[in-house]
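Summary of the model geometry
The lines below spell out each chain.
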Amino acid sequence: MTEAILLVGGKGTRLRPLTVHTPKPMVPAAGVPFLTHQLARARAAGVDHIVLATSYLAEVFEPHFGDGSALGLHLEYVTEKEPLGTGGALRNVAERLRSGPDEPVLVFNGDILTGLDIRALVDTHESTGADVSLHLTKVTDPRAYGLVPTDDTGRVLAFLEKPQTPEEIVTDQINAGAYVFRRSVIDTIPAGRPVSVERETFPGLLAAGAHLQGMVDSTYWLDLGTPAAFVRGSADLVMGHAPSPAVPGRRGDRLILPTARVASDAKLTGGTVVGEGAFVAEGARVCGSTILPGAVIEPGAVVTDSLIGSRARVGERSVLTGAVVGDGAVVGADNELRDGVRVWCDARIPAGAVRFSSDQ
């Protein structure tokens, strides 16, 4: 198997303000754009030709990755004129594929961090003669996901949308967002209109008697759609909990990019990343967080499980927990920002303006 499609057209609205200026797959995780990790893992599995299905901020991808030769890949880019959904995006790039009708084509969603054994999924697809094979993973609480029950051979029985009652939870297996398609199946997806593989293509194939095969792989899996998940995924890459050949440094408690500066008494833990040109000042403590290029953490600040955008600044003694600070924003000294707060790009929070505790 030599080629794949990467679906990277989403707007990443759940990740805003991180995605105001940057498409979701290009937000840095463990020091490089998240997409780099997916490309590197595909290459390690034997893929050499990848078509990127782009839409939102499509102009960002090619200047960064070029033709893919630096990663040992041949990359092509196809931009949707209007959003086409997951299935429509596949059909829109089909003419760039080189595979024959019965050959396998890998498909990845651009926001899933996973330890999936890619070769095993392809082998399962070929050994079972499936039309489409799906990576399934087991989750403790499947209510937020589409359920995919299978028989004892792994053949898919149904696609069930997010269950609302306990009786509807018939399995803990969910669609994990990676597939192998028989090339000819991609060509049957309607062209020129939005199509969802999850809601239209897969149920339609099942109703028509096609063979859809599930492969359960419950190694590391994380949907990076929210800021909290994205920060966690980056930390897990740094600490080695999530696999990637693209992490630019040794696995451990922290990753400091070459031009970053960190004061000798600053403390970095929990898979923290300090990006190019960023500065962490004396007495600062940063745990499980991502500090993007050019950002500044001033003396005595405490940043936990947060993401600080490019060129942003966190003032002296400010305490951030589970926060997202957009590109170019400034959080003044002596503020407290707690779980879920999002400071928009270029916003200014004056010193001591936001607190959850007494000022004494």
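In case you missed it, the structure is sitting above this.
Reading the values: rules and limits
Residues numbered from 1 in each chain as written. Predicted model: local features only at pLDDT ≥ 70, side-chain atom pairs only at ≥ 80, totals over all residues. Heavy atoms only, no water. 1 Å grid on protein atoms, 1.4 Å probe; cavity = no way out; pocket = protein on both sides within 12 Å on 5 of 7 lines; lining within 4 Å. Points joined across faces, edges and corners; volume = space filled by probe spheres on them. Helix = DSSP H or I, 4+ residues; strand = E, 2+ residues; numbered from the N terminus. Pairing = 2+ DSSP bridges. Nonpolar A, V, L, I, M, F, W, Y, C, P; charged D, E, K, R; others polar. Buried < 20%, exposed > 50% of the residue type's maximum accessible area, 1.4 Å probe, protein only. Contact = heavy atoms within 4.5 Å. Expected span 1.5 Å × (residues − 1). Phe/Tyr/Trp six-rings, centres within 6.5 Å; stacked < 30°, edge-to-face > 60°.

For the rest of this paragraph, the subject is empty space enclosed by the protein. It is a probe the size of a water molecule, rolled over the atoms, that shows where empty space is left. With the rule as written, the count across this model stands at two cavities of 30 Å³ or more. Size it by volume and the largest cavity reaches roughly 90 Å³. Contributing to the lining of the largest cavity are Phe34, His37, Gln38, Arg41, Phe108, Ile112, Leu113, Thr114 and Ile118. If you list the elements that add at least two residues to the lining of the largest cavity, you get helix H1 (34–44) and strand E7 (112–114). Per-element accounting of the lining of the largest cavity gives the leading share, four residues, to H1. Taken together, Gln38, Phe108, Asn109, Ile112, Thr114, His135, Ala176, Gly177 and Ala178 make up the lining of the second largest cavity. Contributions of two or more residues to the lining of the second largest cavity are made by strand E6 (104–109), E7 and strand E9 (173–182). Per-element tally for the lining of the second largest cavity: the top contributor is E9, with three residues.

Right, let's talk about the sheet that holds strand E17 (residues 285–287) for a bit. Taken in spatial order, the five strands line up as E14-E17-E20-E23-E26 in an open sheet, and their pairing is parallel. The sheet terminates laterally at strand E14 (267–269) and strand E26 (336–337), the two strands that pair on one side only. Pairing geometry for strand E23 (residues 319–321) and E26, over two bridges, is parallel. The residue of E26 that forms the bridge with valine 319 is glutamate 336.

Turning next to the sheet that holds strand E16 (residues 279–280). Spatially, E13-E16-E19-E22-E25-E28 is the arrangement adopted by the six strands of the open sheet, whose pairing is parallel. Looking at which strands have only one partner, the edges of the open sheet turn out to be strand E13 (261–262) and strand E28 (348–349). Relative to strand E22 (residues 313–314), strand E19 (residues 296–297) is paired through two bridges, and the arrangement is parallel. In the sheet register, valine 296 faces E22, and the bridge partner there is arginine 313.

In this section: the layout of surface pockets. The calculated volume of the largest pocket comes to roughly 1,400 Å³. If you trace the largest pocket, you find 48 residues lining it, with Arg14, Asn109, Asp111, Glu198 and Asp223 closest to the centre. Within the residue set of the lining of the largest pocket, elements represented by two or more residues are helix H3 (85–93), E9, helix H6 (197–207), strand E11 (221–223) and helix H7 (227–239). Across the lining of the largest pocket, the residue classes break down as 22 nonpolar, 15 polar and eleven charged. There is about 160 Å³ of room inside the second largest pocket. Lining the second largest pocket are 13 residues; nearest its centre among them are Pro227, Ala228, Asp305, Gly322 and Ala323. If one sorts the elements of the lining of the second largest pocket by residue count, H7 sits on top with four residues. In the lining of the second largest pocket, the residues fall into six nonpolar, four polar and three charged.

We now examine the side chain of glutamine 38. Examined against the element boundaries, glutamine 38 turns out to sit in helix H1. Residue classification places glutamine 38 among the buried positions, given a relative accessible area of 10%. Contacts of glutamine 38, omitting those with residues within four sequence positions, involve Leu6, Asn109, Gly110, Asp111 and Ile112.

A rise of 1.5 Å per residue sets the reference length of H7, with its 13 residues, at 18 Å; its end C-alpha atoms lie 18 Å apart and thus fit the reference within 8%. Counting buried positions over the 13 residues of H7 gives ten, a clear majority of the element. Every buried residue of H7 is listed here: Pro227, Ala229, Phe230, Val231, Gly233, Ser234, Ala235, Asp236, Leu237 and Val238. Glycine 240 occupies a position one or two residues after H7 and carries a positive phi of about 90°.

To continue, consider unusual backbone geometry. The residue after arginine 16, namely proline 17, is reached through a cis peptide bond having omega 15°. Position of proline 17 relative to the elements: it lies in the loop between strand E1 (3–7) and strand E2 (28–29). If you check the backbone angles, aspartate 334 has positive phi at about 60° while not being a glycine. Positionally, aspartate 334 belongs in the loop between strand E25 (330–331) and E26.

Further remarks concern the packing of aromatic side chains. For the structure on display, the rule yields six aromatic pairs. Ring centres 5.5 Å apart and planes at 20° place the aromatic pair phenylalanine 159 and phenylalanine 202 in the stacked group. With phenylalanine 159 in the loop between strand E8 (132–138) and E9 and phenylalanine 202 in helix H6, this residue pair connects regions lying 43 residues apart in the sequence. Residues phenylalanine 159 and phenylalanine 202 agree in their burial class; the two are buried. Taking 6.2 Å as the distance between ring centres and 90° as the angle between the ring planes, the aromatic pair formed by tyrosine 179 and phenylalanine 181 counts as edge-to-face.

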